[in-house]
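Read off the chains here:
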Amino acid sequence: MSPKPKKFNLVGPGDPEAHYLLPPFKRLPDIQDLINHGDYFVLHAPRQSGKTTTIKAAVEAINAKGEYWALYCSLEDARMVTDRDEAMGVIVGLLDKALKEANHLGLEATSLAEALRRYYATPFRDGPDVKIWLKVLCGKLDKGLVIFFDAVDRLAEDPLLGFLSSLRYGHAIRSHSPFQLSIALIGERNIPKRQLEILFEKRLLDHAAPFNIVTEVLTLANFTLEEVKSLYAQHTAATGQVFEDAATQRAHYWTDGQPWLVNALAHEVSENILGQDYKAPITPGLIDQAVDNLFDRKDGHLDYLKSRLGESRVQRIITPLLTPGKTKNPPSANSIDPGFVHHYCHDYDYSFELGLIKVELHRTEVANPIYARLITEYFGRDLK
Ligand SMILES: Nc1ncnc2c1ncn2[C@@H]1O[C@H](COP(=O)(O)OP(=O)(O)OP(=O)(O)O)[C@@H](O)[C@H]1O
Ligand SMILES: [Mg+2]
């Protein structure tokens, strides 16, 4: 049976069997040194920029190399929990599940559970805690471990503070462990900054220590024009359908290489506008038409960004970029914190980490012409 033809991916992380993909692991800056030193590091990049695709590829590559164990654990399913202790139990459950999916990293399936049971059976122990789980696991492994925690910033405020303080403890006891433990914190937000923001909002900055054990903060770059060409060339090789050079340039212009948008424009033209007529070449005019279609539908990523434009902290950063005038969609009343003045830098970081703005030649600009169109349409005002 011939393999299923590949497609441009619009939903969720990429699968190399099913989707056209740029080599994901290559998008990640070199992390070997960080792992060798048992460092903690952050990878943050905007929504739909390829974080999960990239780190899943990293986990696979590290395990295949065999020098260290690598574990992927998404905290997405803990996002609704607001109680700190309850969240700790849910996160331990997610770690158990991740371990199971990773075939227990060479451990006998029951041995960790047994060790934890023994630990909790001794008097004066509290409930499930990430730091205990990590301590017990690391004591049983036959080589170092790197854990990639995805969607960390989806945790509610108290659970996030509790999770980070557990990791801080794990960092402090590293020298007692036989092997290195490296931790990667992945999300849209830069996690240490997010923690400071929470401490600031809760007026706890005097009481709690900032999470300052991160060695490096990494991010993912958008696709360059050459990378967009190389992604689209995979479709040409599979179907024979040609992207005119000017069409690829047009797609790069509209998207500035934002990964989901790059895929979405190509998919819209080849599948929806041309209806899989792969003999028809893809022209710049068709790319423009695809942009209009994405705007008419505003599904997926664009809808998500539109919802963020209603937030007062985003509006505080975006409105100065617009020509003066009345705003069509002021923030809804419940998105304003009455009597509370946010720190301007937090708002700026937030819009930046969402990927809505970029800094070009020391100037703050909207990240790409598609977002610019979304913003001008939403506020009913042009950009300066
Ligand atoms: N290596 C790649 N090559 C081509 N396109 C990619 C690649 N990685 C990601 N993409 C595009 O980005 C989209 C989002 O990928 P992914 O889910 O990995 O991103 P994410 O940053 O984890 O998203 P979220 O913020 O929603 O968790 C994919 O649907 C695909 O369109
Ligand atoms: Mg993701």
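None of the values given here were measured: they were computed from a predicted structure.

Parameters and conventions
Residues numbered from 1 in each chain as written. Chains lettered and ligands numbered in written order. Predicted model: local features only at pLDDT ≥ 70, side-chain atom pairs only at ≥ 80, totals over all residues. Heavy atoms only, no water. Domains from an automatic or database assignment. Phe/Tyr/Trp six-rings, centres within 6.5 Å; stacked < 30°, edge-to-face > 60°. Helix = DSSP H or I, 4+ residues; strand = E, 2+ residues; numbered from the N terminus. Buried < 20%, exposed > 50% of the residue type's maximum accessible area, 1.4 Å probe, protein only. Lys NZ or Arg CZ within 6 Å of the ring centre and 35° of its normal. Near = heavy atom within 4 Å. Polar contact = N/O pair within 3.5 Å; in protein donor to acceptor, adjacent residues only side chain to side chain. Areas by Shrake-Rupley, 256 points an atom, 1.4 Å probe, with all protein chains shown as cover. Nonpolar A, V, L, I, M, F, W, Y, C, P; charged D, E, K, R; others polar. Pairing = 2+ DSSP bridges. Axes fitted to C-alpha atoms, helices over the stretch in contact; angles between N-to-C directions. Contact = heavy atoms within 4.5 Å. Salt bridge = Lys/Arg side-chain N within 4 Å of Asp/Glu carboxyl O. Right-handed = clockwise from strand over helix to strand, strands pointing away.

1. Considering the domain arrangement of the protein
Phase 1: Here the domain parsing of the protein yields domain 1 (24-218), domain 2 (225-297) and domain 3 (301-379).
Phase 2: Here domain 1 and domain 2 have C-alpha centroids that lie 38 Å from each other.

2. Some words on the packing of aromatic side chains
Phase 1: Applying the stated criterion across every chain, the model contains seven aromatic pairs.
Phase 2: Judged by centre distance (4.2 Å) and plane angle (20 degrees), the ring pair of Tyr 232 and Phe 243 falls under stacked. Of this pair, Tyr 232 sits in helix α9 (residues 225-239) while Phe 243 sits in the loop between α9 and α10 (245-255), and the two are 11 residues apart along the sequence.
Phase 3: Judged by relative accessible area, which is 1%, Tyr 232 ranks as buried.
Phase 4: Judged by its relative accessible area of 9%, Phe 243 is buried.
Phase 5: Considering the side-chain rings of Tyr 378 and Phe 379, the 5.0 Å spacing of their centres and the 80 degrees angle between planes classify their relative orientation as edge-to-face.
Phase 6: Among the residues examined, Tyr 378 registers a relative accessible area of 14% and is labelled buried.
Phase 7: Put simply, the rings of Phe 8, Tyr 20, Tyr 232 and Phe 243 touch in pairs and so form one group of aromatic residues.
Phase 8: Directly above the aromatic system of Phe 295 lies the positively charged group of Arg 373, at a separation of 4.2 Å from the ring centroid.

3. Here's the deal with the site of ligand 1
Phase 1: Lining the immediate surroundings of ligand 1 are 19 residues, of which Asn 9, Gln 48, Lys 51, Thr 52 and Thr 53 lie closest.
Phase 2: At 2.9 Å, a backbone N or O of Gly 50 approaches an oxygen atom of ligand 1.
Phase 3: When ligand 1 is considered free in solution it has 630 Å² of accessible area, and contact with the protein chains removes 93% of it.
Phase 4: Sorting the residues of the shell around ligand 1 by element identifies α3 (51-65) and α11 (259-273) as the ones contributing at least two each.
Phase 5: Of the residues belonging to the shell around ligand 1, the class tally is nine nonpolar, eight polar and two charged.
Phase 6: Per-domain counts for the shell around ligand 1 show at least three residues from each of domain 1 (24-218) and domain 2 (225-297).

4. Things to note about the sheet that holds strand β3 (residues 145-150)
Phase 1: Spatially, β2-β3-β4-β1-β5 is the arrangement adopted by the five strands of the open sheet, whose pairing is parallel. Looking at strand neighbours, the two that pair on one side only are β2 (69-74) and β5 (214-218), the edges of this open sheet. When the angles between neighbouring strand axes are averaged without regard to direction, this sheet yields 15 degrees.
Phase 2: In terms of strand pairing, β3 meets strand β4 (residues 181-187) through five bridges, oriented parallel. Note that in β4 the partner of Val 146 across the bridge is Ser 182.
Phase 3: Strands β2, β3 and β4 of the sheet are contacted by helix α6 (residues 130-140), whose axis makes an angle of about 135 degrees with β4.

5. What about the pattern of salt bridges?
Phase 1: Tallied over the entire structure, the rule returns 25 salt bridges.
Phase 2: Residue Arg 297 is joined to Asp 299 by a salt bridge in which the shortest nitrogen-to-oxygen separation is 3.1 Å.
Phase 3: Given a relative accessible area of 35%, Asp 299 falls into the partly exposed group.
Phase 4: A salt bridge links Arg 363 to Glu 365; the shortest N-O distance between them is 3.9 Å.

6. Digging into the pairing of β4
Phase 1: Most of β4 sits out of view: seven of its seven residues are buried.
Phase 2: Side chains Leu 181, Ile 183, Leu 185 and Gly 187 project from β4 onto one buried face, and the interleaved Ser 182, Ala 184 and Ile 186 project onto a second face that is buried too.
Phase 3: One ladder, built from five bridges, connects strand β1 (residues 40-44) with β4; its direction is parallel. Across the sheet, the residue bridging to Val 42 is Leu 185, located in β4.
Phase 4: Regarding topology, helix α7 (residues 157-172) serves as the crossover connection from β3 to the parallel β4, and that connection is right-handed.

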